[in-house]
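Residues per chain are reported as follows:
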Amino acid sequence: MYVDPNRNRNAGNLRWLMAYCKPDLPRAIGAIVLYAVSAAMALITPLISARIVDQVIEAGHISQLTGLCILMIVVTVVRDAAYYGNAMWMERFGQNTVFRLVSDEYEKLHELDFNYLNHTRTGDIMSRMTNDVENLSNIISQSLSSLASGLLTIAGTVGMMFWYCWQLALLSCATVILSLVITRIISKVMRRLSRERQRLLGELNGLVEEKVAAYRTVTAYNRQSAAVREFEETSDRLCLTGSLANAIGGSMGPIMNCVGNIAFVIIAAFGGYFAINGMISVGVISAFIVYAKQFSRPVNELANLYAEIQTAIAGAERVYAVLDEPSEDKSGERTMDTAQGTVTF
């Protein structure tokens with residue numbers, strides 16, 4: 001098995017997943033390098049745009065336009081090719097990691113103590129094998145790539161903004177503090193709701209599997225109404241929890257868009273002031289606007305992925321709970337010397 005016996009006991013930090021990711025880490029590193037190339041090309045694009053504004057439009061050097069346009073096309077092609085390679089390698093990385101995880105979980109199910117299987121609904125175990133693992137697959141294949149690429153884009157964009165005009169860059173980055181405060185407040189609520197939603201989903205799956213498999217028994221004892229009532233209660237709680245989680249998670253995107261618009265206003269107002277005083281050119285303002293969009297785009301993507309990440313973390317905790325269960329004792333050291341061969345009711 002790929003499980004490290006000395007793994008971190010806190011499943012919520014996802015460090016225990018490193019044992020499953022390790023065999024494909026070179027592919028993940030290669031994907032990150034490819035995205036670094038893509039991010040670098042994306043950072044060069046505003047530089048070319050600013051040069052077109054300053055040298056061609058304002059200075060009137062029309063002869064430079066052809067060369068700059070060809071350079072823009074080359075940079076765009078390299079950026080898209082590197083991005084495509086990054087997506088392909090990260091998808092393979094995620095699929096291989098999840099394959100190892102599911103293999104371990106399936107093997108663990110055959111080693112679990114009978115007491116665990118007797119007190120856990122089959123549908124809940126199936127939910128851990130399907131829904132929770134699928135959420136983990138999504139975060140490894142897609143969200144992890146978006147997280148790494150977003151951090152690279154933000155770091156490169158901030159660096160270029162400070163290189164152009166550190167005063168305007170500081171003013172633009174002031175909105176980051178606001179974003180961090182909002183994220184911290186929402187994260188506490190989202191984590192709790194995501195855990196409860198995954199727990200209720202497993203409970204509902206277990207309830208459905210149990211009642212459908214024992215349909216004749218339920219009918220024989222005239223328990224149809226009780227079964228329906230129990231299903232409705234669990235379903236209503238899942239619907240309420242899921243609606244709250246989706247509403248709060250979905251609000252992150254609009255909130256971050258609003259924060260991004262505030263950054264645009266800051267750039268437009270103070271950039272115009274700096275241009276009037278000769279501190280920067282009009283081309284630099286246009287480049288700053290593009291960089292501000294590049295800065296806000298990964299922030300918005302991460303905000304939109306926040307609900308998925310919290311759901312995946314909740315699912316990871318449920319998968320980890322199965323892997324961390326003690327296996328059945330097959331040593332044969334326990335004896336039944338006191339057994340009398342009688343059954344008492």
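Everything below is about the structure printed above this text.
So, how was this worked out
- Residues numbered from 1 in each chain as written.
- Predicted model: local features only at pLDDT ≥ 70, side-chain atom pairs only at ≥ 80, totals over all residues.
- Heavy atoms only, no water.
- Helix = DSSP H or I, 4+ residues; strand = E, 2+ residues; numbered from the N terminus.
- Buried < 20%, exposed > 50% of the residue type's maximum accessible area, 1.4 Å probe, protein only.
- Areas by Shrake-Rupley, 256 points an atom, 1.4 Å probe, with all protein chains shown as cover.
- Salt bridge = Lys/Arg side-chain N within 4 Å of Asp/Glu carboxyl O.
- Core = buried A, V, L, I, M, F, W, Y, C linked by side-chain atoms within 4.5 Å.
- Contact = heavy atoms within 4.5 Å.
- Axes fitted to C-alpha atoms, helices over the stretch in contact; angles between N-to-C directions.
- Parallel < 35°, antiparallel > 145°, perpendicular 65-115°, else oblique.
- Nonpolar A, V, L, I, M, F, W, Y, C, P; charged D, E, K, R; others polar.
- Patch = residues over 30% accessible without salt bridge, like charges linked within 9 Å, V, L, I, M, F, W, Y side chains within 5 Å.

*Asks:* Report on the overall build of the protein chain, specifying residues and quantitative values.
*Replies:* Counting its regular elements, the protein chain contains 11 helices and zero strands. The 345 residues of the protein chain split such that 41% are buried. With the model as given, the accessible surface of the protein chain reaches about 19,500 Å², and the carbon-plus-sulfur share is 62%.

*Asks:* Which residues make up the pattern of salt bridges, and what values do they have?
*Replies:* Tallying each qualifying case throughout the model produces six salt bridges. Here Glu196 ties to Arg199 by a salt bridge, and the two come within 2.7 Å at their closest N and O atoms. Remark: Arg199 and Glu196 occur in helix α7 (residues 166–213); sequence separation between them is three residues, near one turn of the helix. Note on Arg199: relative accessible area 35%, which makes it partly exposed. Salt bridges sharing common partners tie together Glu196, Arg199, Glu203 and Arg237.

*Asks:* Which residues make up the nonpolar core, and what are the values?
*Replies:* In terms of nonpolar packing, the biggest core is built from 22 residues, with Trp16, Leu101, Leu136 and Val319 touching the most fellow members. Counting only elements with at least two residues in this core, the list comes to α1 (18–21), α2 (25–58), α3 (65–109), α6 (131–164) and α11 (282–323). With sequence-adjacent residues up to four places away left out, Leu136 is seen in contact with Leu17, Leu101, Ala312, Ala316 and Val319. Core analysis: the next-biggest nonpolar cluster, separate from the first, contains 16 residues, Leu168, Ile267, Phe274 and Val284 among them.

*Asks:* Please provide a residue-by-residue account of the packing of helix α9 (residues 224–250) against helix α10 (residues 252–276), values included.
*Replies:* In the contact formed by α9 and α10, the axes pass within 5 Å of each other and the chain directions differ by 15°. The pairing of α9 with α10 is recorded here as roughly parallel in orientation. Together, Ile248, Gly249 and Gly250 of α9 and Met252, Gly253 and Pro254 of α10 make up the contact between the two elements. Looking at side-chain class alone, the contact of α9 with α10 contains three nonpolar, three polar and no charged residues.

*Asks:* I'd love a proper account of the side chain of Ser38, names of residues and values included.
*Replies:* Its place among the elements puts Ser38 in helix α2. Overall, Ser38 belongs to the buried group, its relative accessible area being 5%. Excluding residues that lie within four positions of it along the chain, Ser38 makes contacts with Arg79, Ala82 and Tyr83.

*Asks:* Outline a nonpolar patch on the surface, listing residues and values.
*Replies:* On the surface, Ile29, Val33, Val37, Ile70, Val74 and Val78 cluster together to form a nonpolar patch covering roughly 480 Å² of accessible area. Those elements that provide at least two residues to the nonpolar patch are α2 and α3. Mapping Val37 onto the fold places it in helix α2.

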